[in-house]
Amino acid sequence: MTGLALSEPALQPERRSFASRIAPVTPVTASAAPALQLSGISLAFGGIRALKDVSFDVRPGEIRAVIGPNGAGKSSLVNVISGLYRADTGRIVLGGESFAHVPPGRLPGLGVARTFQNLALFPGLSVAENIASGLVFRRPAFAWLPFLPASRREGRATAIRVREIAAFLGLEAHLPRLVSTLPFGLQKQVELARAMIADPRLLLLDEPMAGLTGTEKAAMAAHIRAIRDRLGLSVILIEHDIGVVMGLSDRIVVLDHGEVIADGRPDEVRRDPEVIRAYLGPDAAPLAGAA
Amino acid sequence: MDWYEFLFVIEVAVGGLLSGVMYSLVAIGFVLIYKTSGVLNFAQGAMVLFAALTFVSLVERGVPFALALVITLLIMGLLGLAIERTVLRPLANRSPMTLFMATLGLAWVIEGGAQLIWGTQVHALDLGISNAPFEIGGIFISNFDLVAAALALALVVVLTSFFRFTRTGLSFRAVADDTFAAIAIGLKLNRIQAAVWTAAGVVALVAGLLWGARLGVQFSLSLVVLKALPVLVLGGFDSVPGAIVAGLIIGASEKLAEVYLGPYVGGGIEGWFAYVVALAVLLIRPQGLFGRKITERF
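Keep in mind that this is a model prediction, so the values were computed, not measured.

S.K.: Can you tell me about the overall build of chain A, naming the residues and giving the values?
M.R.: If you tally the helices and strands in chain A, you get ten helices and ten strands. Looking at the 291 residues of chain A, the share that counts as buried comes to 48%. A sequence separation of at least 24 residues applies to 67% of the contacts in chain A between residues at least 6 apart.

S.K.: Describe the overall build of chain B, listing the residues and the values that go with them.
M.R.: Helix and strand counts for chain B come out as twelve helices and two strands. Reading chain B from its N terminus to its C terminus gives the helix and strand order α-α-α-α-β-β-α-α-α-α-α-α-α-α. Along the first, second and third principal axes, the C-alpha set of chain B runs to 65 × 55 × 35 Å. For chain B, the proportion of contacts with a sequence separation of at least 24, taken over those separated by at least 6, is 74%. Surface exposure of chain B reaches about 14000 Å², of which carbon and sulfur atoms provide 70%.

S.K.: Tell me about the side chain of Gln187 of chain A, and name the residues and values.
M.R.: Secondary-structure assignment places Gln187 of chain A in helix H5 (residues 184-196). Those residues in contact with Gln187 of chain A that sit more than four places away from it in its chain are Leu119, Leu121, Val179, Ser180 and Leu182 of chain A.

S.K.: Talk me through unusual backbone geometry; I want residue IDs and the actual numbers.
M.R.: Of all residues except glycine, most have a negative phi; of all peptide bonds, most are trans. Residues and elements named next belong to chain A. Positive phi values are uncommon outside glycine, yet Asp199 reaches one of about 55°. Locating Asp199 in the fold gives a position in the loop between H5 and strand S7 (202-206). Residue Asp199 is classed as partly exposed on the basis of its relative accessible area of 33%. At His257, a residue that is not glycine, the phi angle is positive and equals roughly 50°. Relative to the assigned elements, His257 resides in the loop between strand S9 (251-256) and strand S10 (259-264). When its relative accessible area of 56% is taken as the criterion, His257 is described as exposed.

S.K.: A description of the sheet that holds strand S8 (residues 234-238) of chain A should follow, citing residues and the corresponding values.
M.R.: Residue and element names in this part refer to chain A. Read across the sheet, six strands follow the order S6-S7-S8-S3-S9-S10 without closing on themselves; strand pairing throughout is mixed. In this open sheet, the two strands that pair with only one neighbour each are strand S6 (112-115) and S10. The mean angle between the axes of side-by-side strands here comes to 15°, regardless of whether they run parallel or antiparallel. Examined bridge by bridge, strand S3 (residues 63-67) and S9 share four bridges and lie parallel to one another. Residue pairing in the sheet places Ala65 in a bridge with Ile252 of S9. Against the sheet, H5 touches S6 and S7, its axis set at about 175° to S6.

S.K.: Requested: an account of the environment of Ile83 of chain B, with residues and values cited.
M.R.: All names here are of chain B. The topology assignment puts Ile83 in helix H3 (residues 65-88). Since its relative accessible area comes to 4%, Ile83 is described here as buried. Leave out the neighbours within four places in its chain, and Ile83 touches Met47, Leu88, Leu106, Ile110 and Trp197.

S.K.: Explain a nonpolar patch on the surface to me, and be specific about the residues and the numbers.
M.R.: The grouping of Leu261, Tyr264, Val265, Trp272 and Val276 of chain B at the surface amounts to a nonpolar patch, some 570 Å² of accessible area in total. Structurally, Trp272 of chain B is set in helix H12 (residues 270-284).

S.K.: Describe the pattern of salt bridges, with residues and values.
M.R.: Close approach of charged atoms allows side chains of opposite charge to pair. Residues and elements named next belong to chain A. Scanning the entire structure with this criterion turns up 18 salt bridges over all chains. As a salt-bridge pair, Glu97 and Arg106 come within 2.8 Å of each other at their nearest N and O atoms. A relative accessible area of 32% places Glu97 in the partly exposed class. We classify Arg106 as partly exposed; its relative accessible area is 35%. Shared partners join several salt bridges into a network, and the residues in it are Asp57, Glu62, Arg64, Arg251 and Asp263.

S.K.: Outline the interface of chain B and chain A, listing residues and values.
M.R.: Much of the literature gives interface size as the accessible area that the parts lose upon coming together. Contact with chain B, which involves 17 residues of that partner, is made by 22 residues of chain A. Remark: the boundary between chain B and chain A carries zero salt bridges. Among the elements of the structure, helix H6 (167-177) and helix H7 (179-184) of chain B are those that each provide at least two residues to the side of chain B that touches chain A. Broken down by element, the side of chain B that touches chain A gets its largest block of residues, five residues, from H7 of chain B. Across the side of chain B that touches chain A, the residue classes tally to nine nonpolar, three polar and five charged.

S.K.: So, the environment of Phe165 of chain B: which residues are in play, and what are the values?
M.R.: Residues and elements named next belong to chain B. Topologically, Phe165 is positioned in helix H5 (residues 143-165). Judged by its relative accessible area of 43%, Phe165 falls in the partly exposed class. Distance in space between the C-alpha atoms of Phe165 and Val175 is 16 Å, their sequence separation being ten residues.

S.K.: Any chance you could break down H12 of chain B for me, citing the residues and the numbers?
M.R.: Residue and element names in this part refer to chain B. With 15 residues, H12 extends 22 Å between its outermost C-alpha atoms, agreeing within 8% with the 21 Å of an ideal straight helix rising 1.5 Å per residue. Listing the buried residues of H12 in full gives Phe273, Ala274, Val277, Ala278 and Val281. Projected onto a plane normal to the axis of H12, the buried residues spread over an arc of 140° and lie on a single side. For H12, the exposed residues lying more than 90 degrees away from the buried face are Leu279 and Leu283. Elements that come into contact with the buried residues of H12 comprise helix H9 (225-235) and helix H10 (240-260).

S.K.: Describe the nonpolar core, and please don't skip the residues or the numbers.
M.R.: Counting 96 residues, the largest nonpolar core has Leu32, Met47 and Ile110 of chain B as its most contacted members. Ignoring sequence-local partners within four residues, the contact set of Leu32 of chain B consists of Leu159, Phe163, Phe172, Val196, Ala199, Ala200 and Val203 of chain B. Grouped together as the second largest cluster of nonpolar side chains are 49 residues, Ile63, Ala198, Ala221 and Ala262 of chain A included.

S.K.: Mind laying out the packing of aromatic side chains, listing which residues take part and the relevant values?
M.R.: With the rule as written, the count across this model stands at seven aromatic pairs over all chains. Taken together, a centroid distance of 5.3 Å and an interplanar angle of 75° make the contact between Phe45 of chain A and Tyr85 of chain A edge-to-face. Within this pair, whereas Phe45 of chain A is found in strand S1 (residues 36-45), its partner Tyr85 of chain A is found in the loop between helix H2 (74-81) and strand S4 (89-94), the two being separated by 40 residues in sequence. The interplanar angle of 50° and the centroid separation of 5.5 Å between the aromatic rings of Phe116 of chain A and Phe180 of chain B together place this pair among those described as tilted. Of the two residues, Phe116 of chain A is situated in the loop between S6 and helix H3 (127-132) and Phe180 of chain B in helix H7; the pairing between them involves two chains. Exposure remark for Phe180 of chain B: the relative accessible area of 43% places this residue in the partly exposed category. Above the ring of Phe116 of chain A, the side-chain terminus of Arg114 of chain A is found at 3.8 Å from the ring centroid.

Criteria and cut-off values
Residues numbered from 1 in each chain as written. Chains lettered and ligands numbered in written order. Predicted model: local features only at pLDDT ≥ 70, side-chain atom pairs only at ≥ 80, totals over all residues. Heavy atoms only, no water. Helix = DSSP H or I, 4+ residues; strand = E, 2+ residues; numbered from the N terminus. Buried < 20%, exposed > 50% of the residue type's maximum accessible area, 1.4 Å probe, protein only. Contact = heavy atoms within 4.5 Å. Areas by Shrake-Rupley, 256 points an atom, 1.4 Å probe, with all protein chains shown as cover. Pairing = 2+ DSSP bridges. Axes fitted to C-alpha atoms, helices over the stretch in contact; angles between N-to-C directions. Patch = residues over 30% accessible without salt bridge, like charges linked within 9 Å, V, L, I, M, F, W, Y side chains within 5 Å. Salt bridge = Lys/Arg side-chain N within 4 Å of Asp/Glu carboxyl O. Nonpolar A, V, L, I, M, F, W, Y, C, P; charged D, E, K, R; others polar. Expected span 1.5 Å × (residues − 1). Arc of directions from axis to C-beta. Core = buried A, V, L, I, M, F, W, Y, C linked by side-chain atoms within 4.5 Å. Phe/Tyr/Trp six-rings, centres within 6.5 Å; stacked < 30°, edge-to-face > 60°. Lys NZ or Arg CZ within 6 Å of the ring centre and 35° of its normal.

These values are about where atoms sit, not about what they do.
Below is the structure:
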């Protein structure tokens, strides 16, 4: 018992450092190097050109949405950024390095974390373990010997970090539960927590609202905004729900048939005739213009 | 049933269980690869043949037993790495059927390659394990079968500790649990798959030596996969404990069936009884006894 009491104060600095990290950050200037830059990305599957010369950048601290109708190439784009697909042409600049193909295993090290449209969690692990797994990539090689003092120290630090993130997202009560027993909406938040735990600079959210109820969507939107505001990271938001996107993002890229058809602030994109045509069909454009 | 008849049943069952361990040994090689990459590696049998043939050829050329074992181990490791690099990596993200067909082709390449290098004659393999049966409480047990079972058990212990206590082993389980989650947290898929193919190569070596010692090292050794398939169906393709339990069940049931049902249908049912068991399981429990139940939302 005394041992536990002794070790507690030693853990305090870690807690404080997170508190300072979740304090509001100063707004980033536009001159800072982009968190991500895509230039001339093209990708074809046989005769189908999924992406045609796609270029855009993501500034530090920005929520950048990518929208588009079904089959516009959003998923292909995510898979190119996260290295699951290899683009035929183009460069991806990430963390000061330029890639033709980002090695997926290096992404966490480059400060990129992601979530998946259909969830990718370890169903056999608890919520806490799933969240902690986000730190695995920086785990030292000796950590598999659970009895080493260094491993135990690392284990305690991880447990504290997990609790902080869980508290931030309101998941504390669920930490010991098996993740597969949680409802879908909570599982999405566990995935978000896992993405956040390693302090990424860029968060790639693939349809975070898909399958959520109205209340859950509002909670998720609040979380995304809070993460950006407090941690100052960049967010790429791939999303179907236009209402959510308009309210949440700083700038929006609109894809249609694999091409960027619009890029700008939400109010600009909303008025863009090309965007209206892509979403509502060619006949709707004059109507929308008249309205 | 009198006492001697009872002893005879036990003896048949024990003999069956021990030969079932040999089936499990081949099946575990399949399970390892199926779990990580979702590929039914049809080349596992060819790897068994390749391992046994390499080992026996080295020994015949005067290489000491232990050294031959080490060299074969290294070669199987390299083979696993080569397969990952030349076959699996270029075919990443393809459908399981594409990958299955690739391993089917791979099986022919490995079988052909093994015979090209080492020739096609039948080799006798003597592991120095006596095949004399011994008696425990009135039951005769084959010494060789018992040693084989002990070796299989040791292998399972080694594999289990590898998956529980090493970083690579834990990564393997993460990939088996959810591949995308494993990618998201930065696990290096290529490295893990290379490790798994190497491990499957090692399992193939152990299976190849034991089966080779029993049947002689020859082309038909690669057909032991046909014995492993019903084991996989019964135990589930993605469960190591399933492969062991199913191997035992298949081994015991086919021997008992041969002895007690055989006479009614003219004998020789040992060869196909395992498939009847597998078929029955497929009808009732398609995922096998221990396999993960697949439910998907579309």
